[in-house]
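Residues per chain are reported as follows:
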Amino acid sequence: MEQVKITFLGTANAVPTEKRNHTAILVEKADERILIDCGEGTQRQFKFSGNNPVKLTRLLITHWHGDHVLGIPGLFQTLAMSGYNKTLRIHGPPNTAHNIQLMERIFKDFKIIAEVKENSGIVFENSNFKIEALPMNHGTPTYAYSITYKDKRRLKKSKLKKYNLPNSPILKELQEGKDIVWNGKKIKSKDISYLEKGRKVAVILDTAFNENAVKIALNSDILIAEATFAKEEKQKAAEYKHLTAWDAAKIAKKAKVKKLILTHLSQRYEHNPSIIEKEARKIFKNTKLVKDLDVISL
Ligand SMILES: [Zn+2]
Ligand SMILES: [Zn+2]
């Protein structure tokens, strides 16, 4: 089965620390490599994690606060110098196209081919997966995203051999769930194929608690959420429009997700990050706080 691999390239809030770099999350399945946010220093985190940014296909930007986007000019410069010849699909909140154009004007030699979109709702869909964006509440236009990989019918190789089926359009029909006749024999799709269950990953970075957060996370296999503060700092969380660990767990519970991943920690928890995890677990047990370069597969 093709896995979804998630690499946490950076897990800090506003100021990076010794242990935590600014936010960037890499989500990969097959040839599709999606980077969510690109904080300062993301290029080196790519190196440390053994990933190559030239393989990127998409960049999803949650919002234009520095800790989420300061790595973009450097990343683009490297892509341009590496002869990046794909179209990078960029999605972000309103003003994203304008901001990217500004960057291109300032750093003239990093021109890469990019297609920028700013709409919300279902923002991309093909037969393999779809991406959804919903507005959050963070004082500046902000999106949370979900990536839903669809159920896929896969053919069993051993059975193809058994029936001596050649590589031809009939395989496509079987894969689409249709029954066929081959050498005078009826072959049922369900007998020679199996259903690979789809998976959903939701990413909610900076925001105050809001109902769209529950909506975008609904029934996710993994919800990645910011937990900048513990509940004891809830005044600060309200002032800066961030989630507490408590809020993140509440969203996970309401949205009936399978697993909650916490990231985007305030530097005040550098030496005692477990406070954040423990607090969330009181409401939502299957919670994990990630650190830089952690990898999760599902
Ligand atoms: Zn942030
Ligand atoms: Zn922010």
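Quick caveat, the model's predicted, so the values are computed rather than measured.

## Digging into the coordination of the zinc ion (ligand 1)
Then comes step 1: In this structure, Asp67 (OD), His68 (NE2), Asp206 (OD) and His264 (NE2) serve as the protein donors to the zinc ion (ligand 1), at separations of 2.1 to 2.3 Å.
Then comes step 2: Donor residues for the zinc ion (ligand 1), ordered by position in the chain, follow D-H-x137-D-x57-H.
Then comes step 3: Between the two metal centres, the zinc ion (ligand 1) and the zinc ion (ligand 2), the spacing is 3.6 Å, with Asp206 acting as a shared donor. In this pair, Asp67 is assigned in helix H2 (residues 66-69) and His264 in the loop between strand E16 (259-263) and helix H11 (274-283), connecting sequence segments 197 residues apart. His264 shares its class with Asp67; the two are buried.

## Here we look at the domain arrangement of the protein chain
Then comes step 1: Per the domain assignment, the segments of the protein chain are domain 1 (5-151 + 197-297) and domain 2 (153-193).
Then comes step 2: Here domain 1 and domain 2 have C-alpha centroids that lie 40 Å from each other.

## Let's talk about the pairing of strand E14 (residues 199-204)
Then comes step 1: A large share of E14 lies buried, amounting to 6 of its 6 residues.
Then comes step 2: Burial along E14 is two-sided: Arg199, Val201 and Val203 facing one way and Lys200, Ala202 and Ile204 facing the other are all buried.
Then comes step 3: As paired strands, E14 and strand E15 (residues 222-226) are joined by 4 bridges and run parallel to one another. Looking across to E15, one finds that Ile204 is bridged to Ala225.

## Digging into the pattern of salt bridges
Then comes step 1: One pass over the full model with this rule turns up 19 salt bridges.
Then comes step 2: Ionic pairing is found between Lys29 and Glu196, a salt bridge with its closest N-O pair at 3.7 Å. Here the residue Lys29 occupies a position in strand E2 (residues 24-29), and Glu196 occupies one in strand E13 (residues 193-196), the gap between them amounting to 167 residues.
Then comes step 3: What makes Lys29 buried here is its relative accessible area of 12%.
Then comes step 4: The network of salt bridges with common partners includes Glu2, Lys29, Arg154, Glu196 and Arg199.

## Some details on the coordination of the zinc ion (ligand 2)
Then comes step 1: For the zinc ion (ligand 2), the full set of protein donor atoms is His63 (NE2), His65 (ND1), His138 (NE2) and Asp206 (OD), and the range of their distances to it is 2.2 to 2.3 Å.
Then comes step 2: With 4 donor atoms in place around the zinc ion (ligand 2) and angles of 89 to 171° between them, the coordination shape is irregular.
Then comes step 3: All donors of the zinc ion (ligand 2) belong to a single chain; written as a sequence motif, their spacing is H-x1-H-x72-H-x67-D.
Then comes step 4: On the basis of relative accessible area, His63 is assigned to the buried category, the value being 0%.

## Details of unusual backbone geometry
Then comes step 1: At Asp37, a position not held by glycine, the phi torsion is positive, near 65°.
Then comes step 2: Mapped onto the elements, Asp37 comes out in the loop between strand E3 (32-36) and helix H1 (42-49).
Then comes step 3: Located in the positive-phi region is His264, a residue other than glycine, with phi close to 60°.

## Concerning helix H10 (residues 245-254)
Then comes step 1: Taken together, the buried positions of H10 are occupied by Ala245, Asp247, Ala248, Ala249, Ile251 and Ala252.
Then comes step 2: In this structure, the buried residues of H10 make contact with E14, helix H8 (211-217), E15, E16 and H11.
Then comes step 3: Positive backbone phi, approximately 55°, marks Lys256, located one or two places after H10.

## Let's talk about H11
Then comes step 1: Considered for burial, the residues of H11 that qualify are Ile276, Glu277, Glu279, Ala280 and Ile283. For H11, the arc enclosing every buried residue in end-on projection is 165°, short of the 170-degree limit, so these residues lie on one face. The exposed set on the far side of H11, more than 90 degrees from its buried face, consists of Lys278 and Lys282.
Then comes step 2: Looking at the buried residues of H11, the elements they touch are H10, E16 and strand E17 (287-289).

## Things to note about a nonpolar patch on the surface
Then comes step 1: Among the surface-exposed residues, Leu102, Ile106 and Phe107 lie close enough to one another that they form a single nonpolar patch of about 270 Å² accessible area.
Then comes step 2: Tracing the backbone through its elements, the reader meets Ile106 in helix H4 (residues 96-106).
Then comes step 3: What makes Ile106 exposed here is its relative accessible area of 59%.

Rules used in this analysis
- Residues numbered from 1 in each chain as written.
- Chains lettered and ligands numbered in written order.
- Predicted model: local features only at pLDDT ≥ 70, side-chain atom pairs only at ≥ 80, totals over all residues.
- Heavy atoms only, no water.
- Donors = N, O, S within 2.8 Å, 3.2 Å for Na, K, Ca; no water.
- Helix = DSSP H or I, 4+ residues; strand = E, 2+ residues; numbered from the N terminus.
- Buried < 20%, exposed > 50% of the residue type's maximum accessible area, 1.4 Å probe, protein only.
- Domains from an automatic or database assignment.
- Pairing = 2+ DSSP bridges.
- Salt bridge = Lys/Arg side-chain N within 4 Å of Asp/Glu carboxyl O.
- Tetrahedral: all angles 85-135°; square planar, octahedral: opposite > 155°, others 65-115°.
- Contact = heavy atoms within 4.5 Å.
- Arc of directions from axis to C-beta.
- Patch = residues over 30% accessible without salt bridge, like charges linked within 9 Å, V, L, I, M, F, W, Y side chains within 5 Å.
- Areas by Shrake-Rupley, 256 points an atom, 1.4 Å probe, with all protein chains shown as cover.

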